[in-house]
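Structural features, examined
Below, each chain spelled out in residue letters.
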Amino acid sequence: MMKLSVAGIPIRIESAHPEWAAERYAAYVRDDDRPSQMDLRFIIDEEIAFPEGAVIEQYRACSVIEMPDGRFCRCVQRPDGPVFLNMIYNKDFSQVEIHLWRHHNHPQIDDISWEYSQTGFSFQDRLAMLGGGVLHSSSLAWRGNGVAFSANSGTGKSTHVGLWSERFGDEVTVINDDKPAIIFKEDQPYLCGTPWSGKTALNVNEQVPLKAIVFIERGTENAIRRLDTMESYYNLSSQIARPFYDTRPGVKLLDFTERLLETVPIYSLTCNISTEAVETVVKEIFPQEDIG
């Protein structure tokens, strides 16, 4: 198993695709002796059985089963009957096994993509149980400050972050292009890179204090305003990654959202694709910074 450190969390992970994993997780490999806080295995099986136990939740083709040994299983079946995915986990998601049926033959998603997405979901669940969360956003570090730009897919989060790199060059580091982790250390929120970054490989194994969250809307002119508590909660609740199959991490994420509301200023940005949009954000959030 590979030993990783993601958002400061020591993890052991076993991949069904070792060469891919060695490249994908390279920046997160650790050589310390800290005990693991999460063991995560991805396995490809010839056959997968529907697990024994009581079905406690049902969502379309997904069943959540409480197994006789006290563990849980998120079981996904194909319409024609066979089980093609079982995610087996303990109560705090510190021990997770993901089993994928070798013969699933999905027309659009290959085995590596399944591993990538499902291990990312499992990390999100474990992070929630530890008091953190994952925000759907493109995030950056600039002069020691972390900023996350969030919006629905296709709105222009990555494009806007790219404009920061054009404007400030090496002063900007993309922390994670799609799913950065947020953790709290002594009541201070930190923005953290993870190897799960959506469709791109833009991520770094760094942590930086989170200074602002900005929700983006497209527009012809650039304008930014700070959101009130209700507006902030509405926007956060739609973009914080949360499981549909287990209420326990969902409850934890409510506490996480409340902490964000108390500690991080949250803004709405209407913007076009220009460096002027970047400067609009900087002048509002970091008025003390000299940008020339």
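For the structure itself, look to the data block above.
Residues numbered from 1 in each chain as written. Predicted model: local features only at pLDDT ≥ 70, side-chain atom pairs only at ≥ 80, totals over all residues. Heavy atoms only, no water.

Turning next to helix α2 (residues 111–129). Spanning 19 residues, α2 covers 27 Å between terminal C-alpha atoms, matching the ideal 27 Å at 1.5 Å per step. The buried count for α2 comes to 14 of 19 residues, which makes it a mostly enclosed element. Backbone geometry just after α2 places G131 at a positive phi near 95°. (Helix = DSSP H or I, 4+ residues; strand = E, 2+ residues; numbered from the N terminus. Expected span 1.5 Å × (residues − 1). Buried < 20%, exposed > 50% of the residue type's maximum accessible area, 1.4 Å probe, protein only.)

Evaluation of the coordinates by the stated rule reveals 13 aromatic pairs. Ring centres 6.4 Å apart and planes at 85° place the aromatic pair W20 and Y116 in the edge-to-face group. You can see W20 sitting in helix α1 (residues 18–24) and its partner Y116 sitting in helix α2, a full 96 residues away along the chain. Accessibility classification places W20 together with Y116 in one group, the buried group. With 5.8 Å between their ring centres and 20° between their planes, F72 and Y89 make a pair best called stacked. Separated by 17 residues along the polypeptide, F72 in strand β6 (residues 72–77) and Y89 in strand β7 (residues 83–89) bring together distant segments of the chain. Residue class for F72 comes out buried when judged on its relative accessible area of 8%. (Phe/Tyr/Trp six-rings, centres within 6.5 Å; stacked < 30°, edge-to-face > 60°.)

This part takes up the pairing of β7. Counting buried positions along β7 yields seven of seven residues, so the element is predominantly enclosed. Sheet topology places β6 next to β7; six bridges connect them, and they run antiparallel. Looking at the pairing, C75 lines up with N86 of β7. Here β6 folds back onto β7, and the loop between the two strands holds five residues, one of which, G81, carries a positive phi near 120°. By the bridge criterion, five bridges tie β7 to strand β8 (residues 95–101) in an arrangement that is antiparallel. Looking across to β8, one finds that M87 is bridged to I98. (Pairing = 2+ DSSP bridges.)

Taken together, eight strands build an open sheet; the order of strands is β1-β2-β3-β8-β7-β6-β5-β4 and the sheet is mixed. Two strands in the sheet have a free side with no partner beyond their single neighbour: β1 (2–6) and β4 (54–59). Ignoring strand direction, the axes of neighbouring strands in this sheet form an average angle of 20°. On top of the sheet, α2 reaches β1, β2 (9–14), β3 (38–45), β6, β7 and β8; it is set at about 155° to β3, its chief contact. (Axes fitted to C-alpha atoms, helices over the stretch in contact; angles between N-to-C directions. Contact = heavy atoms within 4.5 Å.)

Okay, the packing of helix α4 (residues 229–239) against helix α5 (residues 247–263) next. At their nearest, the axes of α4 and α5 sit 11 Å apart, and the two run at 135° to each other. Taken together, the axes of α4 and α5 lie oblique to each other. With respect to the hand of their crossing, α4 and α5 are arranged in right-handed fashion. Of the residues in α5, those in contact with T229, S232, Y233 and L236 of α4 are L254, T257, L260 and L261. (Parallel < 35°, antiparallel > 145°, perpendicular 65-115°, else oblique. Left-handed = near helix turned anticlockwise from the far one by under 90°.)

A separate point is the pattern of salt bridges. In this structure the tally under the stated criterion is 16 salt bridges. Close ionic contact of D39 with R12 constitutes a salt bridge, the shortest N to O distance being 2.8 Å. A residue pair is termed long-range when its members are at least 10 positions apart, and D39 in strand β3 and R12 in strand β2 qualify at 27 residues. In this structure D39 comes out as buried when scored by relative accessible area, which is 11%. Here R248 and D246 are joined by a salt bridge, their closest N and O atoms 2.8 Å apart. A relative accessible area of 27% means that R248 is categorised as partly exposed. Salt bridges sharing partners connect three or more residues here, namely E14, R41 and E97. (Salt bridge = Lys/Arg side-chain N within 4 Å of Asp/Glu carboxyl O.)

Function cannot be inferred from these measures alone, as they are strictly geometric.
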